[in-house]
Amino acid sequence: MQALPGFRDFLPSDCAVRNYIFAQWREVSRRYGFVEYDGPLLEDLELFKKKSGDEIGKQLYDFTDKGGRAVALRPEMTPTLARMVAGAHRDFRKPMKWFCVPQMFRYERMQRGRLREHYQYNCDIIGDAGIEADVELIAVCIDMLRSFGFGADDVVVRISDREFWVEFLRGQDLPEDQWQQTLEVIDKSEREPREKTAARLGELAEPVLKILDGGGQSEKLGRLMDGLRQRGLAEFATVDLGIVRGLAYYTGVVFEAFDRGRNLRAIAGGGRYDNLIAQLSDGTASLPAIGFAMGDVVLGELMQNHAGARAKMEAAVARERELDAYVVIAKEERRGDAIAVVQALRNQHYRVDYPLSPTKVGRQFQHAEQLGAHAAVLFGDEWPQVKVKDLATREEQLVPQEELLAHLSASASLSSRGR
Ligand code: HAM
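Residues numbered from 1 in each chain as written. Predicted model: local features only at pLDDT ≥ 70, side-chain atom pairs only at ≥ 80, totals over all residues. Heavy atoms only, no water.

1. Section: the sheet that holds strand β2 (residues 42-44)
Stage number 1. Spatially, three strands are ordered β2-β4-β3 in an open sheet, and the strand pairing comes out antiparallel. Lying at the two open borders of the sheet, with one neighbouring strand each, are β2 and β3 (62-64). Pairs of neighbouring strands in the sheet enclose a mean axial angle of 35 degrees, with direction left out of account. (Pairing = 2+ DSSP bridges. Helix = DSSP H or I, 4+ residues; strand = E, 2+ residues; numbered from the N terminus. Axes fitted to C-alpha atoms, helices over the stretch in contact; angles between N-to-C directions.)

Put into structure tokens, the structure is as follows:
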């Protein structure tokens, strides 16, 4: 039996890559003063039906639980976050800077970069309506991409403003209940033939296409770009009014991060959702908010295709797997002494492995090499001395067993970890 379509097995090498991605997500978040939270994997179906909008509504993994409740696996975090904040915000100082690293489930039509589960870093600022919060959040997104090794030639954050479009639509003779539909056409315009977009826009085609061709001005987005410029990050961003985002809850600034080559779907996306928390608390908690999410699938593909980012990832993966020493048991009567040393080294926080059953010495050395151990420590005829072999330089040394710990901790490759 295989995993379901769109679901991944994480073999140790995949897990190591995932650990690296998660570690970067957490490290950069903390650099910006964000704290980690999490919510439930399963929620009341209504939460997503009402708050995520039509597209995600159709992709829900939903079912009835044994208690007869209609529930769904989370397709995104924002409704859960808004629900949690609506209930608990009084206990926290504003603005709240929160992040999380949840797994998401969407029954999507599978394409490159699109699976039915993915991990999605979420980062949100709650309780601040100002443009500085917008700048701070987009800066996290940019710095996150930089931390993986991407430069301004590799990635770009395209920034827009739904308010700009709402004001435009207000100026047109279009009933308010058709605004969302028009925004969706604009959102898809880049991926569809121009004639199709024009046909769907009807009378609005001419002015909308003019704006999409670069004919729109937004003072707010100008200030936002100034904020990024102050931080030296403006070259990673551009104003692009063609971005409106598919999710229904956005109210203001929206943005998406892409690879410059436009080979992949969006790496990240987000925006301001100033009404969502109020809606979920029946108006008792009225808190402005802005956030974004970055998926691990597109990010992973992008790293594979970028030499610098890939090298950085591979170095981190190798570091994670590093083994300090492999204890080679050449004479089975020394097994007890060897295991005592294995434990003593582990007590000192060294990473040590040894053969669980009698094994030929050659195979043990082979295994030590495969595991990438720095040193092999041989227990054999030399006892009460042990032979320490540096597996990188191939140098060997005989060391009295009572000096082994001191000897290992003096060795450059081992001294960093042991305590
Ligand atoms: P989203 O644009 O739906 O936003 O998803 C954010 C990112 O998650 C996407 O840019 C993409 O990298 C990744 N992603 C989404 N669906 C899939 C999939 N099926 N397979 C692989 N990767 C995927 C949101 O979810 C918003 N809740 C973000 C947000 C946070 N807004 C405010 N705060």
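Still more ground to cover, so stick around.
2. A look at the nonpolar core
Stage number 1. Membership of the largest hydrophobic core comes to 71 residues, with the highest contact counts inside it found for Trp-25, Tyr-121, Ile-159, Trp-165, Leu-228, Phe-292 and Met-294.
Stage number 2. A per-element tally of this core places helix α5 (residues 131-147) first, with 10 residues.
Stage number 3. Every residue in contact with Met-294, bar those within four places of it in the chain, is listed here: Trp-25, Tyr-119, Gln-120, Tyr-121, Cys-141, Met-144, Leu-145, Ile-267, Ala-268 and Leu-299.
Stage number 4. Listed in part, the 29 residues of the second largest apolar core include Tyr-37, Trp-98, Tyr-249 and Ala-285. (Core = buried A, V, L, I, M, F, W, Y, C linked by side-chain atoms within 4.5 Å. Buried < 20%, exposed > 50% of the residue type's maximum accessible area, 1.4 Å probe, protein only. Contact = heavy atoms within 4.5 Å.)

3. Side note on the pattern of salt bridges
Stage number 1. Within the structure shown, the criterion is met by 35 salt bridges.
Stage number 2. Ionic pairing is found between Glu-117 and Arg-8, a salt bridge with its closest N-O pair at 2.8 Å. One end of the pair, Glu-117, is in strand β7 (residues 117-126); the other, Arg-8, is in the segment before α1 (12-31), with 109 residues separating them in the sequence.
Stage number 3. Its salt-bridge partner being Glu-136, residue Lys-97 comes within 2.7 Å of it at the nearest N-O pair. With a gap of 39 residues between them, Lys-97 in strand β5 (residues 96-100) and Glu-136 in helix α5 connect regions that are remote in the sequence.
Stage number 4. Looking at Glu-136, the relative accessible area reads 16%, which means it is buried.
Stage number 5. When salt bridges that share partners are traced, they join Lys-97, Glu-132, Glu-136 and Arg-231 into one network. (Salt bridge = Lys/Arg side-chain N within 4 Å of Asp/Glu carboxyl O.)

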